[in-house]
Each structure stands twice: as structure tokens, then as C-alpha cells.
Amino acid sequence: MAKYTLKINGKNQTVDVDPATPMLWVLREHLNLPGTKYGCGVAACGACTIHVDGNAVRSCQLPVSSVKKQAITTIEGLSPTGDHPVQRAWLEHDVAQCGYCQAGQIMSAVALLKNNPNPSEEDINGFMSGNICRCGTYTRIKAAIKSVAKP
Amino acid sequence: MENNQKNYNRRSFLKVSALSGGGMMLGVSWLAAANTKLTELGADLEAFQNGQTLNAYVQIGSDNIVKIMCHNPEFGQNVKTSLPMIVAEELDVDWKDVIVEQAPYDTKLYPRQFTGGSQSVRSTWRPLRNAGAAARDMLRSAAAQTWNVPQEEVTTKVGVLHHEKSGKSAKYGEMAAKAATLTVPKDLKLKSAAERKIVSTSRKNVDGKSIVTGKPMFGMDYQKPGMLIAMMVQPPAFGLKLKSYDASEALKMPGIKQVFTIEVFPDSMERGGFDTRTFNEFVVVVGYNTWEVMNARKKVKAEWEKAPEKKEIFGGFGGQKNERITPAGLESTSEHLVKMKEMVKQSARVLRKDGDPEAAFKNAAQVIERTYNAPFLAHNTMEPMNCFAEVTDSQAFVAGPVQAPEFVEQTLIKRLGLPADKVDIHLTRMGGGFGRRAYAHYMVEAALISRQAKAPIKLVYSREDDMTYGIYRPMYTATYRAALDANKKLLAFHVIGGGIPENPVHANRFPAGALDNYLAEGWEIPSNVTIGAFRAPRSNFNAAAEQSFMDELAEAMGKDPMDLRLELLERAKTNPVGKNNDYDPDRYAGVLKLLREKSGWDKPENKGKNLGLAAYFCHNSYAGHVIEMKIKDGQPYAESVVSAIDCGVVINPDAAKNMVEGAVIDGIGCALYGNMSFKNGKPEHNNFNTYRMIRMPEIPKRIDVHFVQNDIDPTGLGEPPFPPVFGALANAIYRATGKRQYNQPYLQEEPKTQG
């Protein structure tokens with residue numbers, strides 16, 4: 001066990017955990033931020049996507065010990081009142097079915113648009129291909145992303 | 001806590017009393033955050049005060065906010081929005097003033113709290129309209145008594161009561177307390193289609209905001225102070241069972257409290273029809289958090305041995321008991337395929353016979369025979385199986401994702417030996433279901449673990465546990481035969497279908513009824529690979545095989561595939577063969593005609609396109625697709641899809657469209673890539689790195705969804721659009737590649753561009 005002070009959603013938080021613990025479980029079970037979802041544990045589904053200094057990272061493969069001073073953002077911290085333009089676009093397009101994968105989808109989409117504000121069809125397909133949705137809401141996810149893009 | 005909740009739950013439907021805000025909810029913090037807040041306005045549970053219960057679905061607050069209970073479990077089919085819309089319509093309120101809450105599980109208050117068979121809307125359309133209309137009537141009655149005027153003269157307009165002659169008016173909230181004391185009326189007048197203002201208009205998902213902000217609402221998110229995490233070690237292969245284990249290393253790992261075994265069902269226990277379980281004995285590791293338990297679990301040294309053949313007694317519907325035999329052995333897909341090939345050659349149990357098919361085949365000028373195969377499929381709900389349980393010797397509380405709480409309640413009562421009023425189930429939002437969560441063995445497991453650990457626990461399945469546990473879509477095969485005369489006229493039709501361990505044939509469906517000579521047969525091969533419902537069970541295979549065969553048959557007959565289907569349906573309508581045809585030829589044809597129009601099927605500019613057609617009837621609805629196939633990077637790519645559905649009245653059109661789009665994408669993914677294979681009993685895939693799921697680059701560029709407009713009582717939508725995707729895709733691939741698709745997943749066949 002070791003103590004880590006992490007910058008999560010703009011706040012410093014200290015946890016005392018096994019250094020190998022993936023951030024996914026640190027967030028979900030030690031910091032009461034269960035919006036980040038467990039889907040596969042092998043970085044193959046994207047449900048656990050968070051931001052590390054604004055970049056999309058699969059938190060199930062990110063040991064807490066590897067996080068230093070980087071800023072971690074989770075779905076809970078994406079915006080103070082849940083009205084980030086991407087979150088609004090998700091509501092406008094009524095994207096969700098079961099909803100389980102959507103936090104990860106949104107975190108991926110936000111990271112995509114941050115670095116590439118006007119992504120092409122191929123850019124979107126490529127960047128979002130790491131996020132699985134068994135309900136098949138991809139059409140709306142893509143439409144929501146396009147609606148936030150800035151040509 | 002659980003007892004209080006139970007007492008509340010068991011209040012009779014008619015007994016009414018003032019509610020304290022949120023009084024029915026569990027005192028668990030995660031739920032407060034999960035309560036619905038409508039995105040269209042600001043109404044939320046905190047604002048809901050002094051709610052008056054008019055019936056099990058409707059509570060009205062003094063501030064005129066209306067709380068509507070959604071009684072069915074939500075797994076993405078959007079019932080939590082669509083069912084309350086039906087109530088709100090008849091109640092005559094502003095949808096913006098509605099808040100929705102997941103109802104407690106309570107069979108005394110609610111009929112059929114079951115998500116499955118695409119039946120939620122169909123089975124509750126009338127009860128929910130009555131609930132809304134009854135509440136409105138009680139409010140009018142309360143106003144009439146208060147104002148001392150005849151009830152017939154009291155009208156309503158979006159949440160406000162009026163009496164024109166006296167000029168009196170009052171908000172629903174002002175009359176709710178009095179209305180709550182009245183008896184529930186009968187013989188209610190319901191709105192006509194033309195009068196509807198909420199039903200058949202698009203309304204956003206009431207949980208949308210909670211979903212996009214990551215609020216805890218799923219079983220996996222369930223927490224309670226003092227809760228421990230449990231994970232299980234399951235046999236590595238079907239056909240194996242636990243022989244012995246050594247937990248000494250696991251117990252030394254940090255954060256581990258206990259290691260023990262559980263027996264899910266004793267051999268002697270008669271089980272319910274949905275009490276399927278793959279493995280019966282597990283090593284359970286209990287600790288403080290999931291990561292530590294995952295690690296410790298790897299240190300359990302378990303030895304496995306071959307499980308013997310097992311006879312088990314299942315209680316069926318209507319008190320019928322049946323015996324299921326689970327064979328011994330370590331099965332492999334290669335052997336399954338050999339066995340199925342042998343079975344295909346033999347005759348089987350006759351399921352339906354019209355005319356004299358044997359003679360027709362004997363006299364045929366040409367016989368077309370094709371065999372279709374499909375593999376086991378894993379459900380792969382994005383949220384793996386899980387369940388919270390707090391069980392003592394005297395009572396049980398479980399909370400988790402479950403489609404069929406009524407079934408598992410009976411199982412828990414029996415397995416735990418507790419009276420019905422001491423077993424309580426809480427429904428969490430499900431991260432997908434697709435049939436998988438109708439088999440709630442994980443709730444029984446969680447309950448047994450909690451009782452043994454003497455602590456509240458949450459049982460967590462890893463993705464690997466979830467994917468290798470089973471309850472798969474069965475492996476199927478079907479051989480279709482058609483007899484043609486010298487003029488290419490269709491004389492007879494024969495289907496013989498089988499599966500491991502279930503046969504897929506729907507003997508009374510199309511084209512039964514359209515043919516003078518028809519034979520349907522079925523067979524099964526027993527297996528210890530466990531199976532269960534998977535989005536449109538059996539139909540999801542039949543619509544692939546039958547609709548592929550229909551396409552090939554049309555080609556052999558020199559007919560347009562649309563025309564052949566319509567001609568057969570015309571025959572089934574005007575001069576049906578047999579009496580048990582379980583489809584309506586007119587509605588079936590209606591979907592094809594809509595598809596013909598919307599896809600531009602007959603337009604000259606579309607003649608050169610690779611269009612594949614399929615239409616199918618299941619779960620009381622009719623659905624079809626035309627898929628346009630392109631070849632992209634040497635692979636078949638379904639570029640655009642036109643879909644037509646007849647499911648009667650559509651409650652929430654945009655959400656219904658979402659469901660069809662999802663079914664198309666899910667169908668393409670399962671048909672092209674879905675495959676669970678076995679070697680010596682061991683599943684050959686255990687995670688998404690090798691079990692291929694459809695991803696964004698593979699989805700169509702366009703999916704145009706069209707609903708047949710009618711005022712028929714609503715039927716299913718979650719399942720019906722899924723099966724015909726398989727057939728339309730196979731037929732479109734044929735157009736693009738010249739290669740027929742006989743084996744799923746289609747991508748195994750590596751079709752190449754023709755010419």
C-alpha cells in the first residue's frame with residue numbers, strides 16, 4: 001500500500017492503495033466516482049475512458065502509481081452542471097439506450113474534439129473505434145460529435 | 001430498512017395515503033443521485049412535495065408535479081420514458097411537469113414486472129392508459145365534489161381542472177389530496193388517436209441527464225457502507241466441476257476476508273424455467289475491494305474434474321414439470337458441426353405438415369436444398385453480471401440488474417428457505433440485457449455469498465467470467481428444401497431445423513399457410529453448454545436462414561425477391577392453408593410494400609446496386625430491411641439501410657427509431673463477426689480483444705427508419721427489427737460478391753468482389 005495525492009476533477013485527493021491498482025478502481029471504489037465504468041479490464045471496450053491532461057486514456061490499464069501530477073478528469077468532472085457541449089449534444093440526439101458505455105463514449109468524444117475540433121468522418125471512426133456499444137447507438141454518437149464540431 | 005420498504009411495497013393498489021417525499025426509496029446514497037431529473041424542464045424529486053397517491057402509477061404533488069412510476073425494469077429499451085408517456089397522456093398533464101421513478105418490485109401493485117419478449121408496451125398499453133384515465137377521473141370527481149357541480153361538467157386541460165359555468169378552476173395538485181380518498185372508477189373513456197398529445201410524439205430519455213453526467217444507476221454502481229466485494233472462481237470449461245481447492249495463498253493477499261465455496265442449487269431442488277445455471281459450485285473470494293479480490297482470486301489453487309451426466313427437474317409454465325439431462329463431456333465446436341451434419345440427414349420430429357410434401361418432392365422437376373449454420377453467441381452486455389445482496393438467516397435483500405424479478409424471487413424464496421415477505425428485490429438500471437438477465441443465477445449466488453459471509457456483498461463478474469459463463473444463443477442449423485415443377489412453379493416447401501441444444505423452427509410462421517405442401521421438422525442435440533434467450537430467440541437464426549433461402553428460391557424461379565414474398569403472402573391471405581398461421585399476411589405485406597417504396601426498390605437507378613432484402617415477423621410485429629452492400633478494403637460493408645416496421649402505435653417515435661438503428665447495427669455485428677466457439681469444453685473467447693463486436697467504422701452511413709402508420713394496439717419493438725438484418729445482409733453480400741452466405745459469422749467466408 002502507498003499514499004498518492006491525485007488531482008481529480010480539479011481537486012487534490014489522497015488515496016492509500018496498492019500501487020498497481022488501476023485508476024478505474026481507484027475512482028470507482030476509493031473516490032466514489034462510479035461514472036467511469038468497468039467493461040473489459042483489458043482496454044478493449046473504452047467504457048473506462050478518462051482524461052489525463054485532456055487526453056483520452058483507458059483507466060483500467062492505468063496504474064495509480066503512474067499518475068504523477070497530471071490532471072485527471074472523469075465524466076463527473078467534465079462540467080460543473082453537466083452541460084458540456086458534448087453532453088448537451090448527447091441529450092439533443094437522445095443517444096443513449098442502456099447508457100452503460102456512454103460515459104466512456106463522451107470522454108473519448110471530448111478528447112477527440114479538443115485536439116481535432118473539426119474531425120473528418122475517418123477521424124471520428126478512427127478515434128471512436130475503441131469504444132464499444134452493444135446497443136448499437138453509434139449512429140447517434142457520430143451525429144452528436146458532428147453537431148459539436150467547429151468547421 | 002428492508003422491512004419498512006416491504007411494508008410500503010405491499011400496500012394494496014387501492015389503499016391511498018400521503019407519501020413523504022421519497023419515502024419509498026432505500027436509504028442508500030447512490031439512489032438519491034440516480035433519481036430522474038427531466039432534461040426538458042427542471043422538475044425533479046427534491047421539488048416533489050406531499051405527493052398524493054392516486055394509484056400505483058400516479059402520484060400528484062401539491063406543486064402540481066406528477067410522479068409516474070415505471071414498473072418494468074429498464075435495460076435500454078426506453079420503457080422508463082415510454083411507459084410513463086402512456087400514463088401521462090390519459091392523465092392529461094404537461095410532460096414537462098412529470099418526473100419518473102423506477103417502481104419498487106411488487107407483484108401486488110404491478111402486473112408482469114418483466115422485461116423480455118418485446119412485451120413491455122404491448123402488455124401494459126391498456127392498463128397504463130386506464131391508470132392515467134382513472135387518476136384523471138378521480139381528480140375531476142374531487143373537483144366536482146369541492147365545487148358542488150356535476151362531474152360531467154368538469155373538464156381538464158394539461159394539469160388544470162375547469163368548470164366553465166362557474167368559472168372555477170384548480171390545478172391537479174390542489175385536488176390531489178381529496179382525489180386520493182376516492183375509489184378507483186371503472187368504465188373509463190380513453191383518448192382516440194387524434195386526441196393524443198404525448199403518445200406518438202418524441203420525448204427525450206428521462207434518464208438522459210443522469211447518463212451523460214455519470215450518475216450511479218447501474219447494479220455495478222451499487223454501494224452500501226460496510227459492503228464487501230465478492231468474485232468467484234468458476235470451472236475453466238463446460239463439463240468440469242470443482243474437485244478441491246487450496247485458498248492458503250489467496251487468504252494471504254491484502255484485503256481478503258474469506259474464501260469459501262457455494263452450491264447454487266442442491267441437486268434435489270426443483271427449479272423454475274429460468275433457473276439455468278452453468279456451474280453449480282464456485283470458490284468465492286470475499287474482500288474489501290474489487291482490485292484486491294481480482295488479484296487474490298488468481299492465487300486460488302483449484303482442481304477440477306469431469307462432471308457426470310446430470311438429470312434436473314424444472315417446473316414449467318402451468319405446473320408442468322420437465323426433466324432436462326445435461327450430458328457429461330468436454331465438447332468442441334468441431335464435433336458439434338460433425339454431429340449437426342449427421343442430424344441433418346435424418347428425418348426428425350414433425351412440427352407441421354400440410355398436403356403431401358413427400359409426393360410433391362418426388363414429382364418435382366427441380367429440388368433446391370440449402371443448409372444454414374450459426375454459432376453460439378455471447379450476449380456481451382456492456383455491464384457484466386453483478387448483484388448486491390444483504391442476506392441473513394431471516395431476510396434477504398438483493399439489488400441488481402434483472403429482467404425477470406418475478407422468476408428469481410420464487411427461486412430465492414425456495415433456495416434461501418425464506419417466506420415471500422422476507423425476500424425483497426430492488427431493480428437497478430441494466431447496462432444491457434438482450435435476454436441474458438432473464439437468467440438471474442447471479443442473484444442467487446450473491447444471496448448465498450452474503451448469507452455465508454454474514455455481510456452485505458456485491459458479487460462482481462469480470463468480463464472474462466461473464467463471457468465464459470454461458471447462457472449463450474444456441475448453435476443452430478436448418479436445411480430448407482423447395483420443390484419446383486418444370487415451369488418453375490413452387491410445389492412444396494420443407495424445413496428441417498435443429499440446434500444444440502434447442503431447435504429453432506417456428507413451424508407456423510411464413511411461408512407456412514402460403515403453400516399447399518409444407519413440412520416442418522425439428523431436432524435437438526443435448527449439450528452441457530448452457531443456452532438462453534438472445535434478442536429474438538430462434539427468430540434471429542430463422543430470419544437469416546429462411547430469408548436467405550427465399551432469396552435463392554426467387555432467383556431459381558426467375559422472380560424478383562420482393563414479388564415472390566408478396567405473392568406468397570397474397571396466397572396466405574386469400575386462400576390460407578391450415579389454421580394455425582401465426583402472422584397477419586396483410587401487415588407482413590404492408591411492411592414489404594413500405595420497404596419497396598422507401599428503398600426505391602423498383603427504380604431503374606437502383607437496379608445496379610447491391611440491394612439485399614429480408615422481412616420477418618416475430619414478437620407480434622413485422623419488420624424488414626433493404627441493405628445496400630459495398631466492398632470496402634476487400635470486406636463487405638453495409639453502407640446504407642432502409643428499414644420498415646409495423647409495430648402498431650409508436651409511443652415515442654425518435655426513441656423507437658433509435659431502437660431500430662441499434663438493432664440494425666447489432667444485427668450486422670452479430671451476423672458478420674459474432675462467434676463463440678469451444679475446444680474441449682473451454683470457450684475460445686473470453687474478452688473483447690478476440691470476441692469481435694461491431695465498432696463505429698463498420699456501421700452504415702445511413703439507416704432510414706420508417707414505421708407503418710396505423711392505430712393498432714402497440715406490439716413489440718426491441719426484438720423484431722433484429723432478425724431480418726441477418727437475412728438482408730446475407731442477400732446483399734450475395735449481390736456484391738456472388739457468394740451465398742450459409743455459415744455465420746459471414747465474415748469467415750471472406751467474400752471477394754465479383755468481376
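Residues numbered from 1 in each chain as written. Chains lettered and ligands numbered in written order. Predicted model: local features only at pLDDT ≥ 70, side-chain atom pairs only at ≥ 80, totals over all residues. Heavy atoms only, no water.

Colleague: What should I look at first to understand the overall build of chain A in this one?
Modeller: When you go through chain A residue by residue, the secondary structure sums to five helices and five strands. The globule rule puts the C-alpha radius of gyration for 151 residues at 15 Å, and the 15 Å found for chain A is close to it. Its C-alpha atoms put chain A at 45 × 25 × 25 Å along the principal axes. Residues classed as buried in chain A amount to 59% of the 151 residues present. Counting contacts in chain A only where the partners sit at least 6 residues apart, residues at least 24 apart contribute 54% of the total. Total accessible area on chain A is roughly 5400 Å²; 50% of this is exposed by carbon and sulfur atoms. Of the charged side chains in chain A, 15 are positive and 11 negative; the average position of the first set lies 3 Å away from that of the second. (Helix = DSSP H or I, 4+ residues; strand = E, 2+ residues; numbered from the N terminus. Rg over C-alpha atoms; globule rule 2.2 N^0.38 Å. Buried < 20%, exposed > 50% of the residue type's maximum accessible area, 1.4 Å probe, protein only. Contact = heavy atoms within 4.5 Å. Areas by Shrake-Rupley, 256 points an atom, 1.4 Å probe, with all protein chains shown as cover. Lys, Arg positive; Asp, Glu negative; His and termini not counted. Charge placed at Lys NZ, Arg CZ, Asp CG, Glu CD.)

Colleague: Can you walk me through the sheet that holds strand E4 (residues 55–58) of chain A in this structure?
Modeller: Through backbone hydrogen bonds, the strands of a sheet pair up, either in parallel or in antiparallel fashion. All names here are of chain A. Across the sheet, five strands lie side by side as E2-E1-E5-E3-E4; this open sheet has mixed pairing. Two strands bound the open sheet, and with one partner strand each, they are strand E2 (11–17) and E4. Taken pair by pair, the neighbouring strands of this sheet meet at an average axis angle of 45°, ignoring direction. Note: strand E1 (residues 2–8) against strand E5 (residues 71–73), two bridges, orientation parallel. Directly across from Ile 8, in E5, lies its bridge partner Ile 72. Sitting on the sheet, helix H3 (residues 102–115) is in contact with strand E3 (49–52), E4 and E5, with an inclination near 35° to E3. (Pairing = 2+ DSSP bridges. Axes fitted to C-alpha atoms, helices over the stretch in contact; angles between N-to-C directions.)

Colleague: Looking at this structure, I do not really get the domain arrangement of chain A. What am I missing?
Modeller: A common way to express how large an interface is: the accessible area buried when the components associate. Residues and elements named next belong to chain A. Split into domains, chain A comes out as domain 1 (2–77) and domain 2 (85–148). Taking only C-alpha atoms, the centre of domain 1 and the centre of domain 2 are 21 Å apart. Domain 1 puts 18 residues into the contact, and the matching count from domain 2 is 15 residues. With both sides pooled, the region where domain 1 packs onto domain 2 buries about 1300 Å², and carbon together with sulfur makes up 57% of that total. The interface formed by domain 1 and domain 2 holds six residue pairs in polar contact (both at pLDDT 80 or more) in total. Of all elements in the fold, only E3 and E4 reach the threshold of two or more residues within the side of domain 1 that touches domain 2. The class makeup of the residues in the side of domain 1 that touches domain 2 is seven nonpolar, eight polar and three charged. (Domains from an automatic or database assignment. Buried area = accessible area lost by both parts, 1.4 Å probe. Polar contact = N/O pair within 3.5 Å; in protein donor to acceptor, adjacent residues only side chain to side chain. Nonpolar A, V, L, I, M, F, W, Y, C, P; charged D, E, K, R; others polar.)

Colleague: What is the right way to read the confidence of the model for chain B from this model?
Modeller: Where the model shows low pLDDT, its predicted coordinates should not be examined in detail. All names here are of chain B. Per-residue pLDDT for chain B averages 91, and the proportion of residues at 70 or more is 92%. For residues 1–43, every residue scores under 50 in pLDDT, and the model assigns this stretch 112 contacts once sequence neighbours within four places are set aside. This stretch, residues 749–755, has a pLDDT under 50; its non-local contacts, to residues over four places away or in other chains, come to 16 contacts. (pLDDT = per-residue confidence, 0-100.)

Colleague: Would you explain the pairing of strand E24 (residues 611–618) of chain B in this entry?
Modeller: Walk down a regular strand and you will see the side chains alternate between the two sheet faces. Residue and element names in this part refer to chain B. With eight of its eight residues buried, E24 lies for the most part within the structure. Across the two faces of E24 the burial is the same, with Leu 611, Leu 613, Ala 615 and Phe 617 and Gly 612, Ala 614, Tyr 616 and Cys 618 all buried. With eight bridges joining them, E24 and strand E25 (residues 621–632) adopt antiparallel strand pairing. In the sheet register, Ala 614 faces E25, and the bridge partner there is His 625.

Colleague: Help me understand the side chain of Ser 462 of chain B, please; the structure alone is not making it clear to me.
Modeller: Tracing the chain through its elements places Ser 462 of chain B in the loop between strand E20 (457–460) and helix H13 (463–469). Among all residues touching Ser 462 of chain B, those that are not within four sequence positions of it are Tyr 38 of chain A together with Met 231, Arg 297 and Pro 384 of chain B.

Colleague: Sorry, what's going on with the nonpolar core here?
Modeller: Membership of the largest hydrophobic core comes to 126 residues, with the highest contact counts inside it found for Trp 90 of chain A together with Leu 729 of chain B. Sorting elements by how many residues they give to this core places helix H17 (residues 653–673) of chain B first, with eleven residues. Not counting residues up to four positions away in its chain, the partners in contact with Trp 90 of chain A are Val 95, Gln 102, Gln 105, Ile 106, Ala 109, Ile 141, Ala 144 and Ile 145 of chain A together with Val 212 of chain B. In terms of nonpolar packing, the next biggest core, distinct from the first, is built from 53 residues, Tyr 476, Ala 507, Leu 566 and Val 642 of chain B among them. (Core = buried A, V, L, I, M, F, W, Y, C linked by side-chain atoms within 4.5 Å.)

Colleague: How do you make sense of the environment of Arg 324 of chain B when you look at a structure like this?
Modeller: On the secondary structure map, Arg 324 of chain B appears in strand E14 (residues 321–326). Leave out the neighbours within four places in its chain, and Arg 324 of chain B touches Gly 273, Thr 276, Lys 310, Lys 311, Glu 312 and Phe 314 of chain B.

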